[in-house]
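A closer look at the structure
Okay, here's what each chain looks like letter by letter:
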Amino acid sequence: MNRQQLIDTAKAMVVDDKGLLAMDESTPTCDKRFAKLDIPQNEETRRIYRELIVNTPGLNESISGAILYDETIRQKRNDGSSFVQALTDVGIIPGIKVDAGAKEMAAHPGEKITEGLDRLRDRLAEYVQMGARFAKWRAVITIGDGIPSRGCIEANAHALGRYAALSQEARLVPIVEPEVLMDGNHTLERCYEVTEETLRTVFQQLYMQRVMLEGMILKPNMVLPGLACPHQNSVDEVADATVACFLRAVPAAVSGVTFLSGGQSSELASARLNAMNVKFKSQVPWELSFSFARAIQQPAMGIWGGDSANVMAAQKALYHRAKCNRDARRGEYNAET
């Protein structure tokens, strides 16, 4: 482990009000989104779409790092250069999703455990050779009748801790992603309780696994009511609850908090991040940033639709959503512009 290198990379991932672009959708997830738009589902079409993203002019003005998938990190542009090299050339730090996905958890109906620790040390070494400088592991916590259980929270937190320690050993900054899902009819208050319990448990495991907090990034959910909850709280209420929860549960040593969008609309994700920075930017010990996937990509994917004639228009939409979120980090987001 090179402590200073990890700290420097973590700081660079949240520098200058920039954020992360999550383009690490698994093959099934990417194909599912393509299918909804009648886009052909095959490796070459996925490569073409990802090249559209990588080649977007000015993307580095708002994006500091890009999370790739195993297929993506091995792909190349039409000119033969790797996506990793293309990103690096414009100052975007390449990273890699390393978990093997959330699977049904034995003896825990309705709950999931993320797998992928087997041979992780070897896989991390390969990704470092490919040029990756950070890694990502996602755990999912579901709110429902009688869940989440302590067993589910602790098992996922333990896996996150082991993954993070292995990543730092390999000189990769770990993005630790404990996502409390938006699915369900739970209230914002219930989400607050579960998010706080999850974060406290995760950081206890990170401490036990001797993870250096200054050399990691937290990628959490915002504190939100469930999508089916009858009462949808205001943007300011979400901002207040989220920051209050994190001040209670996230150590000050963490370099940055890069929120996931988690099924929020592009506009709401930006507005909520904006409210947090307007109200709390000078009061919190960490950078409040973004690590969005659909909230940046979805408008561009819809415009592109698999048609090469639409590439430039799609890239403009991608650039715009990325810029919106940089504006949100500054507390300057305006949905009308």
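Residues numbered from 1 in each chain as written. Predicted model: local features only at pLDDT ≥ 70, side-chain atom pairs only at ≥ 80, totals over all residues. Heavy atoms only, no water.

- If you check an unreviewed UniProt entry, the protein chain appears there as Fructose-bisphosphate aldolase from Gimesia aquarii.
- UniProt's Catalytic activity (unreviewed entry) comment on the protein chain is quoted here verbatim: "beta-D-fructose 1,6-bisphosphate = D-glyceraldehyde 3-phosphate + dihydroxyacetone phosphate".
- Of the comments in the UniProt record for the protein chain, the one headed Pathway (unreviewed entry) reads "Carbohydrate degradation; glycolysis; D-glyceraldehyde 3-phosphate and glycerone phosphate from D-glucose: step 4/4." (UniProt positions renumbered as here; feature names shortened; annotations may be inferred.)

1. Thoughts on the layout of surface pockets
- Each pocket or cavity is described by its volume, and for the largest pocket that value is around 950 Å³.
- Put simply, the parts of the chain that give the lining of the largest pocket at least two residues each are helix H2 (27-36), strand S6 (134-141), strand S7 (173-180) and helix H11 (294-304).
- Sorting elements by how many residues they give to the lining of the largest pocket places H2 first, with 5 residues.
- Roughly 160 Å³ of volume is contained in the second largest pocket.
- If you go around the second largest pocket, the residues you meet are Arg47, Ile48, Glu51, Leu52, Asn55, Asn78, Trp304, Ser308, Val311 and Gln315.
- Contributing elements (two or more residues each) for the lining of the second largest pocket: helix H3 (43-54) and helix H12 (311-330).
- Top contributing element to the lining of the second largest pocket by residue count: H3, with 4 residues. (1 Å grid on protein atoms, 1.4 Å probe; cavity = no way out; pocket = protein on both sides within 12 Å on 5 of 7 lines; lining within 4 Å. Points joined across faces, edges and corners; volume = space filled by probe spheres on them. Helix = DSSP H or I, 4+ residues; strand = E, 2+ residues; numbered from the N terminus.)

2. Considering the environment of Thr195
- Looking at where Thr195 falls in the secondary structure, it is placed in helix H8 (residues 188-208).
- Each residue touching Thr195, except ones within four places of it in the same chain, is listed here: Val180, Asn221, Val223, Cys245 and Phe246.
- There is a polar contact of 3.2 Å between the side chain of Thr195 and the side chain of Asn221. (Contact = heavy atoms within 4.5 Å. Polar contact = N/O pair within 3.5 Å; in protein donor to acceptor, adjacent residues only side chain to side chain.)

3. Side note on the sheet that holds strand S2 (residues 63-68)
- On the basis of which strands lie adjacent, the closed barrel formed by 8 strands has the order S1-S2-S3-S6-S7-S8-S9-S10 and parallel pairing.
- Where strand S1 (residues 19-22) meets strand S10 (residues 287-292), 2 bridges bridge the pair, whose relative direction is parallel. Bridge assignment links Leu20 to a residue of S10, and that residue is Ser291.
- Here helix H1 (residues 3-12) sits on the sheet in contact with S2, strand S3 (93-97), S7 and strand S8 (217-218), set at roughly 50 degrees to S7. (Pairing = 2+ DSSP bridges. Axes fitted to C-alpha atoms, helices over the stretch in contact; angles between N-to-C directions.)

4. Here's the deal with the pairing of S6
- Of all 8 residues that make up S6, 7 are buried, and the element is covered over most of its length.
- The pairing of S3 with S6 spans 3 bridges and is parallel. Across the sheet, residue Gly95 finds its bridge partner in S6, namely Phe134.
- In the sheet, S6 pairs with S7 via 8 bridges, with the strands oriented parallel. In the sheet register, Arg138 faces S7, and the bridge partner there is Glu177.
- The parallel pair S6 and S7, bridged by helix H7 (residues 150-169), forms a crossover whose chirality is right-handed. (Buried < 20%, exposed > 50% of the residue type's maximum accessible area, 1.4 Å probe, protein only. Right-handed = clockwise from strand over helix to strand, strands pointing away.)

5. Remarks on the packing of H3 against H11
- With their axes 12 Å apart at the nearest point, H3 and H11 run at an angle of 120 degrees to one another. Taken together, the axes of H3 and H11 lie oblique to each other. Crossing hand, H3 versus H11: right-handed. Counted together, Thr45, Ile48, Tyr49, Leu52 and Ile53 of H3 and Gln297, Met301 and Trp304 of H11 form the full contact between these two elements.
- When the residues that make up the contact of H3 with H11 are grouped by side-chain class, the tally is 6 nonpolar, 2 polar and no charged. (Parallel < 35°, antiparallel > 145°, perpendicular 65-115°, else oblique. Left-handed = near helix turned anticlockwise from the far one by under 90°. Nonpolar A, V, L, I, M, F, W, Y, C, P; charged D, E, K, R; others polar.)

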